[in-house]
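Chains, contacts and geometry: an overview
Next come the chains, spelled out residue by residue.
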Amino acid sequence: MLEYTEKVLEHFRNPRNVGKIEDADGVGKVGNPMCGDVMVIYIKVKDEKIVDCKFQTFGCAAAIATSSMVTELVKGKDINEALNITNKTVADALDGLPAIKYHCSLLAEQGIRAAIEDYRKKKGSDD
Amino acid sequence: MIYMDYNATTPTDERVLEEMLPYFSQEYGNPSSIYSLAQRARNAVEQARERVAKLLNADPREIIFTSGGTEADNFALKGVAYANQDKGKHIITSQIEHHAVLNACKFLEKQGFPVTYLPVDRWGVVDIEALEKSITPQTILISIMLANNEVGTIQPIKIIAEIAKKHGVYFHTDAVQGVGKIPVDVNDLGVDLLSLSAHKFYGPKGVGALYVRRGVRILPFINGGEQEKGRRAGTENVPGIVGLGKAAELAQREMEEEEKRVKKLRDKLEQKLVQKIPEIIVNGHPQKRLFNTLSICVKYVEGESMLMNLDKEGICASSGSACTSASLEPSHVLLAMGIPPEVAHGSLRFSLGKFNREADVEKVSEVLPPIVEELRRVSPFWEG
Ligand code: FES
């Protein structure tokens, strides 16, 4: 079994913010070309602030843990702040990932960006 | 702990270990030396050779000890390829072979030996028609595994051997997953070369053998001293070889009973999981399958995450998911069987053996359904 940190295991076994947001303001669906995993991130935005964030992930323990962590990290953040979150931020928040699992944390970064992009697109067409 | 990964490796049987022990620090003679200490080691190696030969219904002179299954496979493929290149260079194998065979073939391809990788059907059975069609006058070797390590499907080895014989082509089978589990008789099967590995049937790691039918043209694989009649140089791994011999002897005596017992457990596990978990697929041939192997695909979830949760409950199993492999590619076996990559992603293999009991089956079938349910709750594809 891979050497995961306690934090990764904890988030993997008790993932936060699992599920869909039915009336989400932005949805980001990203896939991992490396191994075929899929992550969907839903955000609810109010006054350019992410007030809620949920995820669904089909992937390994690292993918689930990074999804869970990224939802925690962006909640309550300004959109622009959220855009500063990189895969490294997420991995660091989990006390690191095994080298072979770094690509999984990319999904989390891309997922949140895709959700924000989607939100902006929708907002643009609303106005 | 519940160990259900016997196709990966098995614990060394206590009786095997006991027979090996003196050969480390008491009977440590080099079998090539003259004195009686060495003679005793030589005798022990020859007794082991007889035991292995007996298990396979072969002649002891046809058994060459190796460092394991991978070496035996490499020896067979490269040894036959290079010894027979005056006749031709074409090799036929299948898409579902173990990497020991597949990567030896890829190596040979780079050395100018064209290789045909035969497709399999959805059960993982090699396409016999395609096999016969792919034989050309240049074909020198066919290598098809006896039983697949991931899904357990058993190949029609006898039929393939007949075809090979008809065309005057050598036939090697990687029987690493078969020997010691099910009866394997080289004469009944009609194979020319066969690989086996001790640690797959309660022998030690680091030792195996290649059966080479008398008269088969093969080059030595490791050059050096005169050990193994010059076909495989290097001081013999005496304790390991003794262990392999003992494991062969025990297997021969006990495999029938063991098959009956373990098959019941495997079938029960299969039945329970199919009953309790919606949308799972059982992989491999429904009948022609190793009695101890249960490979399933659990849709909408990924294998590594299931393994992690099983491990937490003390259950050892394996998966062909891309996320569990260093190459990040899903199992080539499942893909060759036509299973879509996202389904192969959710593959789990339970391979049972000697120390599994009814209670283990109960525990696994209790523990897995909620694990799957929880992971499906997280999955974007599950609409349950
Ligand atoms: S998502 Fe496949 S390895 Fe992590």
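See the structure shown above.
A short tour of the structure in this document, coming up. Predicted model only: the values in this text are computed from it and were never measured.

1. Overview of the overall build of chain B
The secondary structure content of chain B amounts to 13 helices and 12 strands. The C-alpha atoms of chain B give 21 Å as radius of gyration, which agrees with the globular expectation for 384 residues (21 Å, within 12%). Across its three principal directions, the C-alpha atoms of chain B cover 70 × 50 × 35 Å. Buried residues in chain B amount to 60% of all 384 residues. Summarising the internal contacts of chain B: among those between residues at least 6 apart in sequence, 72% fall at separations of at least 24. Carbon and sulfur atoms provide 53% of the accessible area of chain B, an area that totals close to 15600 Å². Between the averaged position of the 46 positive side-chain charges in chain B and that of its 50 negative side-chain charges there is a distance of 3 Å.

2. Re the interface of chain A and chain B
When the parts come together, some accessible area is lost, and that loss is often what is quoted as the size of the interface. Tallying the contact residues gives 27 residues for chain A and 24 residues for chain B. When the two sides are added together, the surface that chain A and chain B hide from each other amounts to roughly 2100 Å², 69% of it contributed by carbon and sulfur. The interface formed by chain A and chain B holds 1 salt bridge in total. Between the two partners, chain A and chain B, sit 8 residue pairs in polar contact (both at pLDDT 80 or more).

3. Observations regarding the pairing of strand E3 (residues 49-58) of chain A
Strand residues, when the strand is regular, have side chains that alternate between the two faces of the sheet. Residues and elements named next belong to chain A. Where strand E2 (residues 38-46) meets E3, 9 bridges bridge the pair, whose relative direction is antiparallel. Following the sheet pairing, isoleucine 41 is matched in E3 by phenylalanine 55. What sits between E2 and E3 in their antiparallel hairpin is a turn of 2 residues, with aspartate 47 showing a positive phi close to 50 degrees.

4. A closer look at the side chain of aspartate 174 of chain B
Residues and elements named next belong to chain B. In this structure, aspartate 174 sits in strand E6 (residues 170-174). Salt bridges are absent for the buried aspartate 174, whose nearest opposite-charge side chain, lysine 200, sits at 8.9 Å. Within the local environment of aspartate 174, its side chain forms a polar contact with the backbone nitrogen of valine 176, the two atoms lying 3.1 Å apart.

Rules used throughout
Residues numbered from 1 in each chain as written. Chains lettered and ligands numbered in written order. Predicted model: local features only at pLDDT ≥ 70, side-chain atom pairs only at ≥ 80, totals over all residues. Heavy atoms only, no water. Helix = DSSP H or I, 4+ residues; strand = E, 2+ residues; numbered from the N terminus. Rg over C-alpha atoms; globule rule 2.2 N^0.38 Å. Buried < 20%, exposed > 50% of the residue type's maximum accessible area, 1.4 Å probe, protein only. Contact = heavy atoms within 4.5 Å. Areas by Shrake-Rupley, 256 points an atom, 1.4 Å probe, with all protein chains shown as cover. Lys, Arg positive; Asp, Glu negative; His and termini not counted. Charge placed at Lys NZ, Arg CZ, Asp CG, Glu CD. Buried area = accessible area lost by both parts, 1.4 Å probe. Salt bridge = Lys/Arg side-chain N within 4 Å of Asp/Glu carboxyl O. Polar contact = N/O pair within 3.5 Å; in protein donor to acceptor, adjacent residues only side chain to side chain. Pairing = 2+ DSSP bridges.

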